[in-house]
Amino acid sequence: MSGYSDGFGGAWKLIFTLDPDLYEIIFLSLQVTITAVIIASIIGLPMGAWLAVNRFMFRRYVIAVLNALMGLPPVVVGLFVYMALSRAGPLGGFGLLFSPAAMIIAQVIIITPLIASISHQTIRDLWAEYHDLLISMNATRTQRIRALLWDGRRALLTATLAGFGRAIGEVGAIMIVGGNIEHATRVLTTAIALETGKGNFAFAMGLGLVLIVIAVIINLAIHIVGKTERASTW
Amino acid sequence: MVSILPLVLTDATAHMRGKKLVGPVSLTLSPKGFTMVIGPNGAGKTTLLRLMHGLQRCTKGQVEWAVPAAQARDRQGFVFQSPIMMRRNVADSLAYPLRLRGMSKAEAQEKVAKCAGNFGLSDLLENVAPLLSGGEKQKLSLARALITEPEILFLDEPCANLDGRATREIEHILQQVQARGTRLVMSTHDMGQARRLAQDVIFLMQGKVHEHAAAESFFSAPTTAEAKAFINGDIVE
Ligand SMILES: Nc1ncnc2c1ncn2[C@@H]1O[C@H](COP(=O)(O)OP(=O)(O)O)[C@@H](O)[C@H]1O
Ligand SMILES: [Mg+2]
């Protein structure tokens, strides 16, 4: 088991000596995922609210499709984005394949349905509760959506955190569209896969520890947000 | 400003998925007074109040205010049987209807402080509305509905889930509100409460108005057998 303990010790050393290669990867991971979460939230949150408040034809089907998209295998998303961005694809002209932008696109596609679906459920429940009151108070459509988004903000924050958690740990799609290119598109998950394959356990575990810390922080944040909601220390 | 009253219902009927809930109802609510809507469970009290307020669609007949419906809306209030509490503190809950009408934050704050004083809510301003007691919630609902100074206030069994003390407090507030000239329309299944507060009574059964009369004559000389039985406390359905 010496490989195991050596790897562990080496990992901490890399982290605490601020190894530039390690931190470059961490930084790119956060950059890509945070950008993707912001874009997915800008699309997903209002979409969820809109689906909850408006009645229209095929609404049920739109919601069913949304829920189905949530279960999309990331590898398949990666494949489609790859095909779209490759030189022969419809978006090939932009030259985005194997760039951080391609990874952001793939992550946005993976987590937008998740964020939209969670926010739809949240807003729908709150709307059922508030409906009579807001109608009675003669609130306009915009005022209604604003009240629902504001009063549901904790649950909505949970939705974006869940999206972040899913995106930061994703590997299949990122590998395909990013290409795991050193100093360009190598992120935490793809680097771990590569370094493990090469037997470079110290580096892989260093990255793994960072990823675990990020995941724990995210889940802790979700927990705390949920707790303040229940304890109503608003 | 021209009054939104009287409210005139002409064969007003409410259906839900083909099933008739209430109606046809024809009656007039004069500009002044305290109307009690009474009747057994399921008689249609809630539906009738919602129909008047516009929360329930009128599928046949008419519900007409003295001004166009769009103008009448902002000058009515509604208190629900189970209070709808926004996930906000008491101060923000009270400010909300004022802010909806475009009032500035400072102006709203001032009005909230004054209103909270009138309703004995001053010590609760920072409390979270959904965590208040039942009585406090209903007082907040009442204050929130009245803070915009509506011409008419609908109340759907506001004391149904309250104990005697909270009920007395609400009734006291309502008498003051009425004395200041606000038109009140309230449903109840509590005969005692109807006797204490009513100036006129609408007696509903199975979605139909069986009687609409001044309180004294209704309680002393009901004209229908059902009303007589109901007043006597017999079980009617
Ligand atoms: N949303 C609804 N859908 C179907 N039926 C309803 C609905 N709301 C009320 N009803 C029916 O309408 C009738 C009147 O109900 P309601 O107005 O709540 O009576 P009350 O307030 O006097 O107890 C009842 O038969 C009830 O079952
Ligand atoms: Mg009722």
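In the block above lies the structure referred to throughout.
Not measured: the values here are computed from a predicted model.

Colleague: I'd like a rundown of the nonpolar core, residues and numbers included.
Modeller: Counting residues in each nonpolar core, the largest one holds 87 residues, and the members touching the most others are Leu 188 of chain A together with Leu 48, Met 52, Trp 65, Ile 152, Phe 154 and Val 185 of chain B. Here this core takes 15 residues from helix H5 (residues 100–136) of chain A, the largest share from any one element. With residues up to four places along the chain from it excluded, the contact list for Trp 65 of chain B reads Ile 4, Leu 5, Pro 6, Leu 7, Met 52, Ala 72, Gln 76, Ile 152 and Phe 154 of chain B. In terms of nonpolar packing, the next biggest core, distinct from the first, is built from 54 residues, Val 112, Leu 124, Ala 143 and Met 186 of chain B among them.

Colleague: Can you lay out the site of ligand 1 for me, pointing to particular residues and giving the numbers?
Modeller: Residue and element names in this part refer to chain B. In the vicinity of ligand 1, the contacting residues are Met 16, Leu 21, Pro 40, Asn 41, Gly 42, Ala 43, Gly 44, Lys 45, Thr 46 and Thr 47. The backbone of Gly 42 places a nitrogen or oxygen atom 2.7 Å from an oxygen atom of ligand 1. Within the side chain of Thr 47, one N or O atom sits 2.5 Å away from an oxygen atom of ligand 1. Look at ligand 1: alone it shows 560 Å² of surface, and the protein chains cover 62% of it. Of the residues belonging to the shell around ligand 1, the class tally is four nonpolar, five polar and one charged.

Colleague: How would you sum up the sheet that holds strand S4 (residues 60–64) of chain B? Please name residues and give values.
Modeller: Residues and elements named next belong to chain B. Here we have three strands laid out as an open sheet, ordered S2-S1-S4, and antiparallel in their pairing. One side of each edge strand has no neighbouring strand; the edge strands of this open sheet are strand S2 (19–29) and S4. The mean angle between the axes of side-by-side strands here comes to 25°, regardless of whether they run parallel or antiparallel. By the bridge criterion, seven bridges tie strand S1 (residues 7–16) to S2 in an arrangement that is antiparallel. Its bridge partner lying in S2, Met 16 is registered against Lys 19.

Colleague: Which residues make up the interface of chain B and chain A, and what values go with them?
Modeller: Residue-level contacts link 20 residues of chain B with 19 residues of chain A. It is Ile 84, Arg 87 and Leu 100 of chain B in chain B that bury the most area against chain A; as a group they hold 35% of the surface buried on that side. Inspection of the region where chain B meets chain A yields three salt bridges. Those elements giving two or more residues to the side of chain B that touches chain A turn out to be helix H1 (45–53) and helix H3 (90–100) of chain B. Among the elements that line the side of chain B that touches chain A, the one with the most residues is H3 of chain B, at three residues.

Colleague: Go over the sheet that holds strand S9 (residues 208–214) of chain B with me, naming the residues and quoting the values.
Modeller: Residues and elements named next belong to chain B. Read across the sheet, six strands follow the order S5-S6-S7-S3-S8-S9 without closing on themselves; strand pairing throughout is mixed. In this open sheet, the two strands that pair with only one neighbour each are strand S5 (76–79) and S9. On average, each strand axis in the sheet is inclined to that of its neighbour by 15°, with strand direction left out of account. Sheet topology places strand S6 (residues 152–156) next to strand S7 (residues 183–188); five bridges connect them, and they run parallel. Among the inter-strand pairings, Leu 153 is bridged to a residue of S7, identified as Leu 184. Across the face of the sheet, helix H6 (residues 164–179) comes into contact with strand S3 (34–38), S6 and S7 while running at roughly 150° to S7.

Criteria and cut-off values
- Along each chain, numbering runs from 1 in the same order as the chain's sequence is written.
- Chain letters and ligand numbers both follow the written order, the letters beginning at A and the numbers at 1.
- Totals for whole chains, interfaces and linings use all residues, but because this is a predicted model, local features are given only for residues with pLDDT of at least 70 and pairs of side-chain atoms are given and counted only at 80 or more.
- Hydrogens and water are ignored here; the side-chain numbers use all heavy atoms of the structure.
- Joining through side-chain atoms within 4.5 Å is the link that ties buried Ala, Val, Leu, Ile, Met, Phe, Trp, Tyr and Cys residues into a set, and such a set is a nonpolar core.
- The rule is simple: take the accessible area with a 1.4 Å probe, protein chains only, and divide by the maximum for that residue type; under 20% is buried, over 50% is exposed, in between is partly exposed.
- Helix and strand labels come from DSSP, where a helix needs a run of H or I of at least four residues and a strand needs a run of E of at least two; each type is numbered from the N terminus.
- For this analysis, residues touch if any pair of their heavy atoms sits within 4.5 Å.
- Nearness here has a simple test: a residue counts as near a molecule or strand if at least one of its heavy atoms is within 4 Å of that partner.
- Residues adjacent in sequence count toward polar contacts only when both atoms are side-chain atoms; beyond that, a polar contact is any pair of N or O atoms within 3.5 Å, and within protein one must be able to donate a hydrogen and the other to accept it.
- Accessible surface area values rest on a Shrake-Rupley calculation with a 1.4 Å probe, where residue burial reflects the displayed protein chains alone.
- As a working rule, the residues Ala, Val, Leu, Ile, Met, Phe, Trp, Tyr, Cys and Pro are called nonpolar, Asp, Glu, Lys and Arg charged, and the rest polar, with Gly in that last group.
- Strands were regarded as paired on the criterion that DSSP finds at least two bridges between them.
- Axis angles are defined between N-to-C directions and span 0 to 180 degrees, where every axis is a line fitted to C-alpha atoms and, for a helix, only to the segment in contact.
- Throughout, the accessible surface (probe 1.4 Å) given up by two parts as they are put together, summed over both, is called the buried area.
- Basic side-chain nitrogens of Lys or Arg form a salt bridge, by our definition, when they fall within 4 Å of a carboxyl oxygen of Asp or Glu.

Everything listed here is a matter of coordinates, which is why it stays silent on function.
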